[in-house]
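Breakdown of the fold
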Amino acid sequence: MNKPLPIATGHSACPHDCPSTCALDVEILEGGQIGRLRGAAENDYTAGVICAKVARYAERIHHANRLLKPLQRVGEKGAGEWREIGWDDALDLIAEKFVQAEARHGSETVWPYQYAGTMGLVQRDGIHRLRHAKRYSGQFDTICTNMAWTGWFAGAGAMRGSDPREIAKSDCVVIWGTNAVATQVNVMTHAARARKERGAKIVVIDIYDNATMKQADMALKLRPGTDAALACALMHIAFRDGTADRDYLARYGDDPAGLEAHLKTRGPEWAASITGLSVEAIEAFAALIGKTPKTYFRLGYGFTRQRNGVLAMHAASSVPVVYGHWQHEGGGAFHSNSDIFGLDKSEIMGAANRDPSIRFLDQSRIGAVLTGDAAALPNGPPVTAMLIQNTNPVNVCPEQRLVRQGFMRDDLFVAVHEQFMTDTAKLADLVIPASMFLEHDDIYRGGGQNHIVLGPKLVEPPAAVRTNHFVIEELAKRLGVADRPGFGLTERALIDNMLKKAGYTAGFDGLKGDRWIDKQPDFETAHFVRGFAWPDGKFRFKPDWTGAMAPNRPPESLGPQGPHTRLPAFPDHVDLIETVDEAHPYRLATSPARQFLNSTFAETPGSRSREGGPELMIHPDDAAREGLDEGAIITIGNDRGEVRLKLKLSETVRPGVLVHEGLWANSDFLDGEGINTLTGADPVAPFGGAAFHDNRVWLRADSDPSMTESHLKTGRVE
Ligand SMILES: Nc1nc2c(c(=O)[nH]1)N[C@H]1C(S)=C(S)[C@@H](COP(=O)(O)OP(=O)(O)OC[C@H]3O[C@@H](n4cnc5c(=O)[nH]c(N)nc54)[C@H](O)[C@@H]3O)O[C@H]1N2
Ligand SMILES: Nc1nc2c(c(=O)[nH]1)N[C@H]1C(S)=C(S)[C@@H](COP(=O)(O)OP(=O)(O)OC[C@H]3O[C@@H](n4cnc5c(=O)[nH]c(N)nc54)[C@H](O)[C@@H]3O)O[C@H]1N2
Ligand code: SF4
Ligand SMILES: [Mo]
């Protein structure tokens, strides 16, 4: 058979949950298949570069295991026995189950559960329209951004920062707690330009020598959960050596004198003992940023996935204020641009129908919610019916044993709308097949950059595959709310209305031609030249952690989140983390794999073969002490459960620290239990979140190595 030839190039945006939101050129082949995906060269953030996993998207969209028919469970939950049913029957069944559940327990017993499998505003957020119209339980989003955003916002007061493209104009790029080579490759494009064109230094701060640290001029491999100590020492040295910008501080800081006094006892020796870095390394880093006005701090999510991670983000974001880096083009800091886009989603979300008295449930605590934990189910009924879109909680959520136990409940009805038979879909009562981004219309905002990008439908979906939008609209009809605001419109109409409301009069069709809109605010706004985004214009070194702070407050109904009382007034190191003890001598981080995106791409052959299989990285000295060799099968565990996988000896991790890169499917592990069996769902202070990289564990050699050979053969690459 001849390979189909390219007949056209379509334009789109990457829909995945990645700060880069790349603008894409998509090769369309004869017969409507797709070929290679490339980064749009004319988009000045994407700059022609995308990650390998998305370049190979043909593997995913034309995957042999893609879900193509609605499936109803016939055997026991999780037994894998299904029968095909028609779409009308599938939708009728969901509606019937929702009506029955509501009649029995009230509307809050239904929990529509979604996340960011697609970042498209229509296909992702449309489920809220149904939620609000039907007064179903709300979802408090805590799994990803909550800690990082809370920490950043606490200081600056708004989610914006130096233009992400300014990295190319920097003389020192500090990549802090983000494995950018793997998780948002475009940061490296701009950092590499700065190095090539200006001789800029790249500093990387992480807990292991990952692909990003390998590119660093200065590599700071610290102990997990100790970033705030490093930040404090950097600021201490600035005050000590006179590299602090006192004029800037007087104008832009809330209490610089208080900060300076507080930091007196937090010098490099103190920080070295906490971080495990040498005093010389800390001094050298402080000296570098002290003599480099154009120092750009690119602050990621990873270091906030610790129980003290909100404090770490706030502390790190305080550093460029003390040094005054903010004043310079190519300097300052950036975490997220989520405040700049000005797109009003209220029509898509059906905000007009929202009843503020309806409870919220914590997304990360789905295990506790579904197993009836009274604290996780504030003032209301058990959850007995769910529709899940764009997320795979049985794999990605913490406390996996509890999550699974919840999903196995006989009195819980779960419909999963998916592209693949994920760990979550496997435990559903009904699985309905979802379209992929090239098969439907949507629009995207780049959290880690500055563009709104259109992703119009480019190819036809397989015959019985439906969009999220279709499912929400059809359920609304069956549940009697189709006449409510926001319903009855096409994706295009919703996008068109939103764009026009934002002043982009050319609407959907205009954006098809323009492809993207650059929403980067001017230098003064981005660099907070007119003041930080608080009424007095001052950066908060002393944030208000009590809860008066918008917008990251948890809904009242959830009560207090995390241990507020132990939060310090000024940036500081606080031992809220899971520190090791005799029974749990290792710290485990569950970092992202380069070829996966959360649980996505763990199904594509190209990503699987490059990643190999689930492995645990351990320092050779630790392995030697344990008497373990490369490839040994081991079990790691803690109070939450146990996970069995293969050992990989690696100098990239510090002694005492273990790293597992994922997310592999649960079924890829030797015992079918995924890495999130070990992670905790206790809310991170002060406003909730999941501390995925903050786990203490024990480790033991496998007692029955004979079992493992056959397991390994069946568990691996399909
Ligand atoms: N151990 C550990 N766990 C983690 C993390 C970690 O670092 N370590 N990271 C956490 C983070 S940051 C996040 S954001 C979460 C992410 O968790 P999820 O949001 O669950 O992750 P994804 O794999 O991005 O997307 C989930 C599913 O969405 C589906 N999907 C994609 N597009 C569509 C669509 O258009 N329609 C429908 N119906 N489905 C679609 C995909 O097929 C995929 O199965 O995971 C968290 N879990
Ligand atoms: N290839 C790939 N790309 C992805 C994802 C993926 O799973 N794979 N996930 C996507 C999603 S949903 C998100 S939110 C982003 C997240 O992307 P990032 O901002 O990069 O955040 P993380 O991936 O959680 O972790 C980044 C790094 O932080 C390190 N880290 C852990 N604890 C600490 C600590 O205490 N201090 C410091 N300094 N570092 C620490 C981790 O080991 C990891 O190397 O990436 C997105 N892009
Ligand atoms: S996953 Fe991230 S880096 Fe890869 S194409 Fe999508 S937006 Fe770009
Ligand atoms: Mo995320």
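Residues numbered from 1 in each chain as written. Chains lettered and ligands numbered in written order. Predicted model: local features only at pLDDT ≥ 70, side-chain atom pairs only at ≥ 80, totals over all residues. Heavy atoms only, no water.

The subject of this paragraph is the overall build of the chain. Each helix and strand in the chain was counted, giving 26 helices and 25 strands. Expressed as lengths along the three principal axes of its C-alpha atoms, the size of the chain is roughly 70 × 65 × 60 Å. Intrachain contacts of the chain at a sequence separation of at least 6 include 76% that bridge at least 24 residues. A total of about 25,200 Å² of accessible surface is found on the chain, and carbon and sulfur atoms cover 50% of it. Treating the 79 positive side-chain charges of the chain as one cloud and the 91 negative ones as another, the clouds have centres 2 Å apart. (Helix = DSSP H or I, 4+ residues; strand = E, 2+ residues; numbered from the N terminus. Contact = heavy atoms within 4.5 Å. Areas by Shrake-Rupley, 256 points an atom, 1.4 Å probe, with all protein chains shown as cover. Lys, Arg positive; Asp, Glu negative; His and termini not counted. Charge placed at Lys NZ, Arg CZ, Asp CG, Glu CD.)

Time to look at the site of ligand 1. Lining the immediate environment of ligand 1, one finds 31 residues, of which T391, E418, S599, T600 and N676 sit closest. The side chain of S599 places a nitrogen or oxygen atom 2.8 Å from an oxygen atom of ligand 1. Between ligand 1 and N676, the relevant distance is 2.8 Å, taken from a nitrogen atom to a side-chain nitrogen or oxygen of the residue. Taken by itself ligand 1 offers 920 Å² of open surface, and the protein chains cover 96% of this. A per-class count over the shell around ligand 1 returns 10 nonpolar, 17 polar and 4 charged. (Near = heavy atom within 4 Å. Polar contact = N/O pair within 3.5 Å; in protein donor to acceptor, adjacent residues only side chain to side chain. Nonpolar A, V, L, I, M, F, W, Y, C, P; charged D, E, K, R; others polar.)

Here we come to the nonpolar core. The biggest cluster of nonpolar side chains holds 81 residues, and the ones touching the most others in it are M386 and I636. Excluding its chain neighbours within four sequence positions, the residues that come into contact with M386 are F98, W111, Y113, I366, L370, L412, F413, V414 and A415. If you look at the next biggest cluster of nonpolar residues, it comprises 65 residues, including W152, F153, F303 and F528. (Core = buried A, V, L, I, M, F, W, Y, C linked by side-chain atoms within 4.5 Å. Buried < 20%, exposed > 50% of the residue type's maximum accessible area, 1.4 Å probe, protein only.)

Before going further, it helps to examine the pairing of strand β2 (residues 23-29). For β2, the tally of buried residues reaches 6 of 7 residues, placing the bulk of the element in the interior. Bridge count between strand β1 (residues 6-13) and β2: 7 bridges; the pairing is antiparallel. If you follow P6 over to β2, its bridge partner there is L29. Where β2 meets strand β3 (residues 34-39), 4 bridges bridge the pair, whose relative direction is antiparallel. Paired with I28 across the two strands is I34, which belongs to β3. Count of turn residues in the β2/β3 antiparallel hairpin: 4 residues, of which G31 carries a positive phi of about 85°. (Pairing = 2+ DSSP bridges.)

The full set close to ligand 2 counts 32 residues, and G225, D227, S591, P592 and F596 are the nearest of them. Measuring from an oxygen atom of ligand 2, one finds a side-chain N or O atom of T178 at 2.9 Å. For ligand 2, an oxygen atom lies 2.9 Å from a polar atom in the side chain of N210. Out of a free accessible area of 910 Å², ligand 2 has 97% covered by protein chains.

Ordered by their spatial adjacency, 6 strands build an open sheet running β5-β4-β16-β15-β14-β6, and the pairing between neighbours is mixed. Where the open sheet ends on each side, the last strands, each with one partner, are β5 (82-84) and β6 (110-114). Averaged over neighbouring strand pairs, the angle between their axes works out to 15° when direction is ignored. Helix α20 (residues 468-478) rests against β14 (385-389), β15 (413-418) and β16 (430-433) of the sheet, and its axis sits at about 155° to β14. (Axes fitted to C-alpha atoms, helices over the stretch in contact; angles between N-to-C directions.)

The final tally for this structure, using the stated rule, is 17 aromatic pairs. With 5.1 Å between their ring centres and 85° between their planes, Y57 and F437 make a pair best called edge-to-face. Linking Y57 in the loop between α1 (52-55) and α2 (58-61) with F437 in the loop between β16 and β17 (442-445), this pair joins segments that are 380 residues apart in sequence. Measuring from centroid to centroid gives 5.8 Å for Y57 and F601, while their planes differ by 80°, and the two rings are edge-to-face. Of this pair, Y57 sits in the loop between α1 and α2 while F601 sits in the loop between β20 (586-589) and α24 (605-611), and the two are 544 residues apart along the sequence. Residue Y57 is classed as buried on the basis of its relative accessible area of 1%. The structure contains a cluster of three or more aromatic residues connected by ring pairs, namely W152, Y248, Y252, W326, F528, F532, F539 and F541. When the ring centre of F601 is taken as reference, the NZ or CZ atom of R60 above it lies at 5.7 Å. Across from the ring centre of W270, 5.6 Å away, lies the NZ or CZ of R266, which sits over that ring. (Phe/Tyr/Trp six-rings, centres within 6.5 Å; stacked < 30°, edge-to-face > 60°. Lys NZ or Arg CZ within 6 Å of the ring centre and 35° of its normal.)

Residues of helix α18 (residues 400-407) that are buried include every one of Q400, V403, G406 and F407, and no others. For α18, the arc enclosing every buried residue in end-on projection is 120°, short of the 170-degree limit, so these residues lie on one face. Where α18 is buried, its residues meet α16 (366-370), β14, α17 (393-396), β15 and α19 (423-426). (Arc of directions from axis to C-beta.)

In this section: the domain arrangement of the chain. It is common to report an interface's size as the accessible area lost on association of the parts. Per the domain assignment, the segments making up the chain are domain 1 (161-335) and domain 2 (586-714). Inter-centroid distance (C-alpha atoms) of domain 1 to domain 2 is 29 Å. Of the residues lining the interface, 20 residues belong to domain 1; the matching set on domain 2 comes to 24 residues. In this assembly, domain 1 packs against domain 2 so that about 1,800 Å² is buried in total across both faces, 52% of it on carbon and sulfur atoms. Taken as a group, Y208, R305 and R307 account for 41% of the area that domain 1 buries against domain 2, more than any other trio of residues on that side. At the junction of domain 1 with domain 2, the criterion picks out 2 salt bridges. At the junction of domain 1 and domain 2, the tally comes to 11 residue pairs in polar contact (both at pLDDT 80 or more). (Domains from an automatic or database assignment. Buried area = accessible area lost by both parts, 1.4 Å probe. Salt bridge = Lys/Arg side-chain N within 4 Å of Asp/Glu carboxyl O.)

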